[in-house]
Amino acid sequence: MRSPDEPGLATVAPPLSITKRLIIAAASAISDAACRSDGTVNRRLVSLLDARSSASAKPVHGIRTVDVPVDTSRDVWFRLFIPSSDSADLKIPVIVYFHGGGFAFLSPASYLYDHVCRRLCRTVNAIVVSVNYRLAPEHRYPAPYEDGVDVLRFLDRGCLLYADPLAADLADLSRCFLVGDSAGANICHHVARRWATGAGSGWKRLRLAGMVLIQPYFGGEERTEAEVRLAGAPLVTVERTDWLWRAFLPEGADRDHEASNVFGPRATGELEEALPAALVVVGGFDPLQDWQRRYYEGLKERGKEARLVEYPEAFHAFFAFPDLKQSAVLMEEVRSFIEGHRPSKENTGGC
């Protein structure tokens, strides 16, 4: 990784256009203002930042979308992205996507994530299931993990057939991948562990073939070198992440809780044998990068298949800007990972 002291490289961020800087500054200002000192979120203010996109039954650039309810009592649903197919016999992978937002913001209907999932759908040629999970602080740990598992159960029961028969015909549930960014990548890990807990029982159709964790949101009580060095980096600061952990973790818990510090001092039990292969993505200007590398190293130390991909000039959420070169490279990296992984016969986990 290049040193931030090298000529031409800013201390806490790569060179960015004025437009990107304004977008990032606006997002940061609104999210800071929405996070109240009493631990609640001003949802009305958040709506100013969170531009929404409706589902479209008519294909747009070869992708059609539909919103599918899973549990209306909890507002758990997903947006389904279906690529155009030239062959009725073709089976394609399924990506279950968990959006970022610090467990507290955004949804599959957010323009940002509608666009990201369309790019994934098109690049990988996969069906994308973008999950709307319950948000903190109204719904703390383990709510999003439970919601993620419930979406997997919904798919495993064959309910997609009733929601969208054409998508059900295309979906190869034996090649299901969990993909997420930031807090969504954290959810990927914990949902995958819950899927793998009862290996060999409880699942009829769905098999996890891999997981992609894009700049995962992990942490701990320690202040890492990157958190200190990159104070003031775009979007992520320790003040923001501390507030979000307090909003999400159980009352009274600190950041060494296993939801945050997954291989930390309070981690319990061994990783499940059926936990699928992982692709871990790290950005050189992301203050969370030390936690992300520790996660990768923790997987390797425990005998799990894992690959680390680093983008030295990437800031947190860089992938959301399609005109950035690293963003396009990442999409191809995800495509290559998915094409190269199929579930083993042993990967028959259950919850």
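Parameters and conventions
Residues numbered from 1 in each chain as written. Predicted model: local features only at pLDDT ≥ 70, side-chain atom pairs only at ≥ 80, totals over all residues. Heavy atoms only, no water. Phe/Tyr/Trp six-rings, centres within 6.5 Å; stacked < 30°, edge-to-face > 60°. Helix = DSSP H or I, 4+ residues; strand = E, 2+ residues; numbered from the N terminus. Buried < 20%, exposed > 50% of the residue type's maximum accessible area, 1.4 Å probe, protein only. Lys NZ or Arg CZ within 6 Å of the ring centre and 35° of its normal. Contact = heavy atoms within 4.5 Å. Core = buried A, V, L, I, M, F, W, Y, C linked by side-chain atoms within 4.5 Å. pLDDT = per-residue confidence, 0-100.

In the nomenclature of an unreviewed UniProt entry, the chain is known as Alpha/beta hydrolase fold-3 domain-containing protein of Musa balbisiana.

A.B. asks: Sorry if this is basic, but what is going on with the packing of aromatic side chains here?
C.D. replies: The description of two aromatic rings rests on the distance between their centres and on the angle between their planes. Taken as a whole, this structure holds 17 aromatic pairs when the rule is applied. On the basis of an interplanar angle of 75° and a centroid distance of 5.6 Å, the ring pair of Phe-78 and Phe-154 is categorised as edge-to-face. A residue pair is termed long-range when its members are at least 10 positions apart, and Phe-78 in strand β2 (residues 76–83) and Phe-154 in helix α4 (residues 143–156) qualify at 76 residues. Assessed through its relative accessible area of 0%, Phe-78 is described here as buried. Plain terms: the ring middles of Tyr-145 and Phe-248 are 5.9 Å apart, the flat faces sit at 75° to each other, and that makes the pair edge-to-face. Highlighted residues: Tyr-145 in helix α4 and Phe-248 in helix α9 (residues 238–248), separated in sequence by 103 residues. Neither Tyr-145 nor Phe-248 differs from the other in exposure class; each is buried. Aromatic ring contacts, followed pair by pair, group Phe-103, Tyr-141, Tyr-145, Tyr-217, Trp-245 and Phe-248 into a single cluster. Positioned over the ring face of Trp-291 is Arg-294, at 4.7 Å from the centre of the ring.

A.B. asks: Before we go on, may I ask you to explain the side chain of Ser-327 in this structure?
C.D. replies: As for its placement among the helices and strands, Ser-327 is situated in helix α11 (residues 325–339). Residue classification places Ser-327 among the buried positions, given a relative accessible area of 0%. Apart from residues no more than four positions distant in its own chain, Ser-327 is found in contact with Arg-119, Phe-318, Phe-319, Phe-321 and Pro-322.

A.B. asks: I would appreciate a short explanation of unusual backbone geometry in the present structure.
C.D. replies: Across the chain, the bulk of peptide bonds are trans and the bulk of non-glycine residues have phi less than zero. Put simply, Ala-136 and Pro-137 share a cis peptide bond, and its omega is 0°. Among the structural elements, Pro-137 can be located in the loop between β4 (127–132) and α4. Cis geometry marks the peptide bond from Tyr-141 to Pro-142, where omega comes out at 0°. Topologically, Pro-142 is positioned in the loop between β4 and α4. One non-glycine residue with positive phi stands out, namely Asn-125, at about 60°. Phi angles above zero are rare outside glycine, and Leu-235 is one such case at about 75°. For Leu-235, the location among the structural elements is in the loop between α8 (225–229) and α9. Overall, the relative accessible area of 25% leaves Leu-235 in the partly exposed class.

A.B. asks: So what exactly am I meant to see when it comes to the nonpolar core here?
C.D. replies: Burial of nonpolar side chains together is a common tendency in soluble globular proteins. Residues Val-96, Val-129 and Leu-178 are the most contacted members of the largest nonpolar core, which totals 114 residues. Looking at this core element by element, the count peaks at 8 residues for helix α7 (residues 183–196). Contact partners of Val-96, with chain neighbours within four places excluded, come to Val-129, Val-131, Leu-152, Leu-155, Cys-176, Phe-177, Leu-178 and Val-179.

A.B. asks: Just to check I follow, could you spell out the confidence of the model for the chain for this structure?
C.D. replies: Interpretation of the predicted coordinates at a detailed level should be avoided for regions scoring low in pLDDT. Of all residues in the chain, 92% have pLDDT values of 70 or greater, and the mean over the chain is 92. Note on residues 1–10: pLDDT under 50 across the span, and 18 contacts to partners over four residues away in sequence or across chains. Per-residue pLDDT stays below 50 along residues 346–351; that stretch engages in 33 contacts with residues further than four places along the chain or on separate chains.

A.B. asks: Explain the environment of Pro-265 here, please?
C.D. replies: With respect to the element layout, Pro-265 can be found in the loop between α9 and β7 (278–283). For Pro-265, a relative accessible area of 64% translates into the label exposed. Once the C-alpha coordinates of Pro-265 and Gly-220 are considered, the two residues, 45 residues apart in sequence, prove to be 9.6 Å apart.

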